[in-house]
Amino acid sequence: MSTTPFRLATWNVNSLKVRLPHLAQWLDSAPLDALGLQETKTVDADFPAAEIEGMGLSGAWYGQKTYNGVALLARSPVRDLVRGIPGYDDPQARVIAGTIRGVRVIDCYVPNGQALDSEKYVYKLGWLSALRDYLAEQLQQHAQVAVIGDFNIAPEDRDVHDPRAWEGQVLVSAAERAALHGLFDLGLVDVFRRFEQPERSYSWWDYRAMAFRRKAGLRIDLILASTPLAALCSQCTVAVEPRRWERPSDHAPVVATFDLPGA
DNA sequence: ATGGCTAACATGGTTAGA
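Because the structure is a prediction, the values reported are computed rather than measured.

Caption draft 1: Quick peek at the protein's contact with DNA strand B. Neighbouring residues of DNA strand B: 23 residues in total, closest Ser15, Glu39, Tyr109, Asn112 and Arg208. Within 4 Å of the protein, atoms of DNA strand B come from sugar and phosphate in 64% of cases. Asparagine 12 places a side-chain nitrogen or oxygen 3.2 Å from a phosphate oxygen of DNA strand B. In the model, a phosphate oxygen of DNA strand B is placed 3.2 Å from a nitrogen or oxygen of the histidine 251 side chain. Partitioning the surface near DNA strand B into residue classes produces 8 nonpolar, 7 polar and 8 charged.

Caption draft 2: Molecular detail of the layout of surface pockets. Of the volumes computed, that of the largest pocket is approximately 670 Å³. In terms of lining, the largest pocket is formed by 27 residues, of which the most central are Glu39, Tyr109, Asn112, Gln114 and Asn152. Across the lining of the largest pocket, the residue classes break down as 10 nonpolar, 9 polar and 8 charged. Within this model, the second largest pocket holds a volume of roughly 290 Å³. If you trace the second largest pocket, you find 14 residues lining it, with Arg200, Ser201, Trp205, Lys215 and Val240 closest to the centre. Residue composition of the lining of the second largest pocket, by class: 7 nonpolar, 3 polar and 4 charged.

Caption draft 3: Representation of the pattern of salt bridges within the structure. Summed over the entire model, instances satisfying the criterion amount to 10 salt bridges. Ionic pairing is found between glutamate 176 and lysine 124, a salt bridge with its closest N-O pair at 2.5 Å. Remark: lysine 124 occurs in helix α3 (residues 119–141) and glutamate 176 occurs in helix α5 (residues 174–185); sequence separation between them is 52 residues. With relative accessibility at 0%, the residue glutamate 176 sits in the buried group. Between arginine 219 and aspartate 190 there is a salt bridge, with its nearest N and O atoms 2.7 Å apart. Of this pair, arginine 219 sits in the loop between β11 (217–218) and β12 (221–225) while aspartate 190 is found in strand β9 (residues 189–190), placing the two residues 29 residues apart along the sequence. Like arginine 219, the residue aspartate 190 is buried in the burial classification.

Caption draft 4: Molecular detail of the sheet that holds β9. Across the sheet, 6 strands lie side by side as β5-β6-β7-β8-β12-β9; this open sheet has mixed pairing. The sheet is open, and its two borders are formed by β5 (79–83) and β9, each paired with just one other strand. Note that strand β7 (residues 103–109) and strand β8 (residues 145–150) share 6 bridges and pair parallel. In the strand pairing of β8, cysteine 108 is matched with glycine 149.

Caption draft 5: A look at the side chain of serine 118. Along the chain, serine 118 turns up in the loop between β7 and α3. Only 3.3 Å separates the side chain of serine 118 from the side chain of glutamine 114, close enough to count as a polar contact.

Caption draft 6: Local environment of the sheet that holds strand β4 (residues 70–74). The 6 strands are arranged β3-β4-β2-β1-β14-β13 in an open sheet whose pairing can be described as mixed. Looking at strand neighbours, the two that pair on one side only are β3 (58–62) and β13 (233–238), the edges of this open sheet. Between one strand axis and the next, the sheet turns through 15° on average, direction left out of account. Pairing of strand β2 (residues 34–38) with β4, which is carried by 5 bridges, proceeds in the antiparallel orientation.

Each value, and the rule that gives it
Residues numbered from 1 in each chain as written. Chains lettered and ligands numbered in written order. Predicted model: local features only at pLDDT ≥ 70, side-chain atom pairs only at ≥ 80, totals over all residues. Heavy atoms only, no water. Near = heavy atom within 4 Å. Polar contact = N/O pair within 3.5 Å; in protein donor to acceptor, adjacent residues only side chain to side chain. Nonpolar A, V, L, I, M, F, W, Y, C, P; charged D, E, K, R; others polar. 1 Å grid on protein atoms, 1.4 Å probe; cavity = no way out; pocket = protein on both sides within 12 Å on 5 of 7 lines; lining within 4 Å. Points joined across faces, edges and corners; volume = space filled by probe spheres on them. Salt bridge = Lys/Arg side-chain N within 4 Å of Asp/Glu carboxyl O. Helix = DSSP H or I, 4+ residues; strand = E, 2+ residues; numbered from the N terminus. Buried < 20%, exposed > 50% of the residue type's maximum accessible area, 1.4 Å probe, protein only. Pairing = 2+ DSSP bridges. Axes fitted to C-alpha atoms, helices over the stretch in contact; angles between N-to-C directions.

Structural data, given as structure tokens:
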């Protein structure tokens, strides 16, 4: 049976306006079919739609002033768009979902949480609970589901450059990891770990203290796939190269290839 | 080394990120 690759990426761009040249340059070298962005940091009226179209992409975006903001883009039509988590009243623009070539793609920017004693941490855990309910419903509706984005949680200690220094901190705390594993329990698979990976594979490095050069990062940007979709995954890598460029995002893209049935 | 750096908004210094 013939298959066609579906190359899906997630990238926290930390301001789409600043990172438009990086996106264009990366797309020149990386053949992609669909892409979820986070931290676009722009209202929908100012979204650079013409520039995105010039890159051969179309889709939809859901943004707000200054903070957050997500976009779901593809080379083929994005259908049945849904912004936010239905039924969850959230003033922050963090989720956009659509169907691309039969795959239900849900692009997420999970709250950071700031610190364990912060109200933002309470918001993060409540938000993840709402996301879990939403994903449970989506997995009933669709066989092929991909949940992609900046999860702001490092799943395991091997996803942390210095687990001892980070122990108990936000992004690695037990309650956050339990919430993430709650998503895995729905049947979602972290496809990156389906393959052999280099030691010290991360997707985010602090701008400060030469963290990137020291390989002092975290793997917090993930591609999760429903079991039937994960079975079609043939590759998943961190595209570390854009992190080396001038004025980079602090996150690198993560890319997965799914060999979808059909020509 | 409880700092370091980047971006938005604003146009100096705060908020937020992770």
